[in-house]
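For reference, the chains in residue letters:
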Amino acid sequence: MANYLNFDIYDLQFTNLIGNSQLKQLLISTANRSILVVEDIDCSLELQDRRAQQPRMMNPDLARMMNIDPYPTTQGGCGARVVLLSKYNPVLDQVDDFTVSSCLTLLCSINGCSITTTEGIGNTRDGFHPIHERFSGFHASQCGFCTTGMCMSLFLALVNAEKTPRPEPPLGFSKLKVFEAEKAIVGNLCRCTGYRPIVDACKSFTADVDMEDLGLNSFWRKGDSKDVKRSSLPSYKRNGDVCTFPQFLKSENRMEMGVDRVKVVVGNTGLGYYKEVGSYDKYIDLRYIPELFMIRRDDSGINIGVAVTISKAIEAVKECNQHGFHTEENMVYKKIADHMEKVASGFIQNSASLGGNLVMAQRNHFPSDIATVLLAVGSLVNIMNGLKSEELTMEEFLRRPELDSKSILLSVKIPDWNRLMGISSGTRMNLLFETYRAAHNP
């Protein structure tokens, strides 16, 4: 609209002004120039007071760090602050690109990632991207508030389309399909332009678009042939100059692979038995992960998380005697608790975890009393391997190769012996269970 009214537009940098005197000097310097005022200025307030009234910064998110919006709404539903986030997988040697809402994405979650904004794909200094040019030519932007997010959503669709094994498109077009172009901006909200010109700008990149379906624009005139229309569009080069993940960052990611020695711990009491050779770069403490510290009882038995300490596990097993279980089963839980109390001293039990004891038995063939007792009562273990969860018997767990870096022991289940033996409550069981320990407490 400013260009249509023949206004000259100047970027007035009000944010760096300290007082009203500097504001006056800035306005005097623009004398005899046409200025389109797009925002009212309340000159009755001192600028220092305005600065004092600015809200405090709460979350360290991308939008604030990159000055996309110093004070975003942090609701993330409009899509106006969408940026492209790229992660490199050095194992597969591939880059995963996806869009995120910068006002919701915390800085701590983007370590090792590459961020591309709308200025990263095109700007006034280096030249605009065809996305920008076509958004402008199809009149797909009015206030411009949502345009940056729209551009990045479309850019992601173009990037992902190039990764597909589709036939080569005509020159100046992409592998993107019309339905994908329409879907690309489905989460971006526009409150003034209307979606028809926005969708037209997106569809203009697709190889299967019907040029007659594209609406009013500044690229061709009514009545022009399809060939003229195609050649009139701003040139689009597939796999152009925009690199979403720079090469030097890939090299750094590769260098970091296998360099750090990481140890997963809860109480780190295994150090007293197995002396460490060398040192670790990082320690990961599992004690504050609620899912690994849970104790859950139901009709099928008792589930104990691997981060639960041995002393807490003893208490949990003892409490099973107070919940009305069958007498023989009551005896089994009592025997387990009595034997576990003989394992190590109190201050070790308060730090050592149940899972750590079992992992040492599985990995190092540690002579574990706990593993032996749990094996005798038919206990089960739950293991997470990547995104897959599997349940193994204690015998299967102890016989399998040691857990790799992608696997983690989650919980141990001591079964309900009533259900295990297939005997209903109230039926008397002839069950004998006894444990022995050759040595006294260490």
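Here the structure is a predicted model, which means the values were calculated and not measured.

(A) A look at the confidence of the model for the chain. Per-residue pLDDT for the chain has a mean of 79; in total, 75% of the residues score no lower than 70. Ranking the helices and strands of the chain by mean pLDDT puts helix α5 (residues 130–137) first, with 94, and helix α2 (residues 47–53) last, with 43. The low-confidence segment residues 1–11 (pLDDT under 50) makes 12 contacts with residues lying over four places distant or belonging to another chain. Taken together, the stretch residues 33–53 has pLDDT below 50 and engages in 27 contacts with residues farther than four places along the chain or on a different chain.

(B) Structural view of the nonpolar core. Ranked by internal contacts, the top residues of the largest apolar core, which has 42 residues, are Ile336, Leu358 and Ile414. Secondary-structure elements contributing two or more residues to this core are β7 (301–305), α11 (310–319), α12 (327–340), α14 (354–364), α15 (369–376), β8 (380–385), α16 (394–399) and β10 (407–415). Leaving out residues up to four positions away in the same chain, Leu358 has contacts with Ile370, Ala371, Leu374, Met394, Phe397, Leu409 and Val412. Among the nonpolar cores identified, the runner-up in size contains 37 residues, and Ala140, Ala157, Phe173 and Ala184 belong to it.

(C) Structural detail: the pairing of β8. Bridge analysis of β8 against strand β9 (residues 388–393) gives 6 bridges, and the strand direction is antiparallel. Looking at the pairing, Val381 lines up with Leu392 of β9. Hairpin geometry of β8 and β9 is characterised by an intervening segment of 2 residues between the two adjacent antiparallel strands and by a positive phi of about 65° at Gly386.

(D) Summary view of the pattern of salt bridges. Scanning the entire structure with this criterion turns up 17 salt bridges. We note a salt bridge from Asp200 to Arg196, for which the minimum N-O separation is 2.9 Å. Taken together, the residues span about one helical turn, with Asp200 and Arg196 both in helix α8 (residues 195–203) at a distance of 4 residues. Under the relative-accessibility criterion, Asp200 is labelled buried at 3%. Of the charged contacts, one joins Lys226 and Asp210 as a salt bridge, the two residues approaching to 3.9 Å between their closest N and O atoms. Residue Lys226 is located in helix α9 (residues 226–232), and its partner Asp210 is located in the loop between α8 and α9; the two are separated by 16 residues in the primary sequence. What makes Lys226 partly exposed here is its relative accessible area of 42%. With relative accessibility at 33%, the residue Asp210 sits in the partly exposed group. Ionic contacts of the salt-bridge type, sharing partners, join the residues Glu162, Glu168, Lys175 and Arg238 into one network.

(E) Quick peek at the environment of Gly267. Secondary-structure assignment places Gly267 in the loop between β4 (262–265) and β5 (282–285). Along the backbone, Gly267 and Ser351 are 84 residues apart, and their C-alpha atoms lie at a distance of 4.7 Å.

(F) Spatial organisation of the environment of Ala157. By secondary structure assignment, the location of Ala157 is in helix α6 (residues 147–162). Note: C-alpha distance between Ala157 and Lys183 (26 residues apart in sequence) is 9.0 Å. The contact partners of Ala157, leaving out residues within four places of it in the chain, are Leu176 and Ala184.

(G) The arrangement of unusual backbone geometry in detail. The backbone phi angle of His139 is positive, close to 55°, even though this residue is not glycine. You can see His139 is positioned in the loop between α5 and α6. Judged by relative accessible area, which is 41%, His139 ranks as partly exposed. Positive phi values are uncommon outside glycine, yet Ala344 reaches one of about 65°. Position of Ala344 relative to the elements: it lies in the loop between α12 and α13 (346–349).

(H) Up close: the side chain of Thr116. By the secondary structure assignment, Thr116 is in strand β3 (residues 114–116). Relative accessible area serves as the criterion here: at 6%, Thr116 is assigned to the buried category. With near-sequence residues (within four places) excluded, Thr116 lies in contact with Val83, Leu84, Ile121, Met152 and Thr244.

Cut-off values and rules
- Residues numbered from 1 in each chain as written.
- Predicted model: local features only at pLDDT ≥ 70, side-chain atom pairs only at ≥ 80, totals over all residues.
- Heavy atoms only, no water.
- pLDDT = per-residue confidence, 0-100.
- Helix = DSSP H or I, 4+ residues; strand = E, 2+ residues; numbered from the N terminus.
- Contact = heavy atoms within 4.5 Å.
- Core = buried A, V, L, I, M, F, W, Y, C linked by side-chain atoms within 4.5 Å.
- Buried < 20%, exposed > 50% of the residue type's maximum accessible area, 1.4 Å probe, protein only.
- Pairing = 2+ DSSP bridges.
- Salt bridge = Lys/Arg side-chain N within 4 Å of Asp/Glu carboxyl O.

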